[in-house]
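If you want the building blocks of each chain, they are given just below.
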Amino acid sequence: NYAPEEDMRLETTRARFANVIKRHQELTERLSRDSDKTIFDRVQREFEAARASQTQEICLDGEQWNDGQLATIRERVICCLEGARIGIQYETFFSGEPCELYYCVLESKSFLEKMTVLEHTIPFFLPIREAENDLLLSNAMKFIDHIGNLLQAYVDRREQVRLLKELYGNQVVELYHSLPYHMIELAKVTVSLKYANLVSVLPTRIRALVWPMHQKETSTSATTTIKRGIDTLGTQPIPARLSYAEDALRSMGLPEAYAEIILNLRQVLQELFQPQNVAE
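All of these numbers come straight from a predicted model, not from anything done at the bench. (Residues numbered from 1 in each chain as written. Predicted model: local features only at pLDDT ≥ 70, side-chain atom pairs only at ≥ 80, totals over all residues. Heavy atoms only, no water.)

Observations concerning the confidence of the model for the protein chain
- Confidence in the prediction of the protein chain, expressed as mean pLDDT, is 76, and 64% of residues score 70 or more.
- Across the protein chain, the secondary-structure element scoring lowest on mean pLDDT is strand E9 (residues 224-228), at 33, and the one scoring highest is helix H5 (residues 243-251), at 95.
- Long-range and interchain partners of residues 215-234, a stretch whose pLDDT sits below 50, account for 39 contacts in this model, where long-range means more than four residues apart. (pLDDT = per-residue confidence, 0-100. Helix = DSSP H or I, 4+ residues; strand = E, 2+ residues; numbered from the N terminus. Contact = heavy atoms within 4.5 Å.)

Shown next, in the form of structure tokens:
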């Protein structure tokens, strides 16, 4: 039998869990922001001073940019920053609009030593040290490009979630995500997204499920209160897979895909569950 008090207990648990998640995200963002701010401000001032004092500017694009050029820069002492350091400024964008700047400072104490990451403002949950060990020691160009791809993909996924909340905040009741936004969970229609790696902007593992609903029409409103129901035998219902939703999430950004899902959801639910008689 359907027990309304079960929904109440579940909603209470969800509310408490959502509050814990929210507080954890706020704390994480504050710690990350505060720890990076001092480095960010100092490195940005160094970049501005270096640009103001430069007497020669070298612009390199595409295949012109390689480890040999880095060696040449060090040899000619044409460094962006004082000492044997090279600073990289990463610009990030979303939908053509600029987002944050990030900095990474590389150092090599001598020509015989490989470059290492001296300091950076890259979010702590992105694997810069792994990239340093795997790429920087052998190919500085690949390291620099890889970090740029990591940052841009992270900002893209994050901004997709932000825009989703902004556009559909009244419908997205529950949304959870990992710090790098490479794992995202949505409720209402239960959506689970996983990304192949941290440079992906579209998910590669997608699951969209919906359960049979318990519906109760109200006499004072045209809206329908929808709750997860129990079938006539008293057992938990079997969810249905929403292939159209998975296709949308596979090919579109998160806000656009969500709009497509909501647009067709009512009709799909009717097709899936109308033949079934769900007991109230």
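So, next bit.
So, the sheet that holds strand E3 (residues 116-120)
- Across the sheet, which stays open at both edges, the three strands sit in the order E1-E2-E3 with antiparallel pairing between neighbours. This sheet does not close on itself; its edge strands, each paired only once, are strand E1 (85-94) and E3. Each strand axis lies, on average, 30° off the axis of its neighbour in the sheet, ignoring direction.
- When strand E2 (residues 97-107) meets E3, the two strands line up antiparallel, connected through four bridges. Within the sheet, the bridge partner assigned to Cys104 lies in E3 and is His120.
- In this fold helix H3 (residues 128-136) packs onto E2 and E3, with an angle of close to 155° to the strand it touches most, E3. (Pairing = 2+ DSSP bridges. Axes fitted to C-alpha atoms, helices over the stretch in contact; angles between N-to-C directions.)

Things to note about the sheet that holds strand E6 (residues 190-194)
- Sheet architecture is open: five strands sit in the order E4-E5-E6-E7-E10, paired in antiparallel fashion. If you trace the sheet from one side to the other, it starts and ends with strand E4 (175-177) and strand E10 (240-241), each paired once.
- As paired strands, E6 and strand E7 (residues 205-210) are joined by five bridges and run antiparallel to one another. Counted as the bridge partner of Leu193 is Ile206 from E7.
- Together, E6, E7 and E10 form the strand contacts of H5, whose direction differs from that of E7 by roughly 145°.

Remarks on the pattern of salt bridges
- Under the criterion given, the structure shown has nine salt bridges.
- Taking the shortest distance from any N to any O, the salt bridge between Glu159 and Arg158 comes out at 3.0 Å. Pair check on accessibility: Glu159 and Arg158 agree, each one buried.
- Residue Arg250 is joined to Asp247 by a salt bridge in which the shortest nitrogen-to-oxygen separation is 3.1 Å. Of this pair, Arg250 and Asp247 both sit in helix H5, three residues apart, which is roughly one turn of that helix.
- For Asp247, a relative accessible area of 47% translates into the label partly exposed.
- Connected through shared salt-bridge partners, Glu100, Arg158, Glu159, Arg162 and Glu166 make up one network. (Salt bridge = Lys/Arg side-chain N within 4 Å of Asp/Glu carboxyl O. Buried < 20%, exposed > 50% of the residue type's maximum accessible area, 1.4 Å probe, protein only.)

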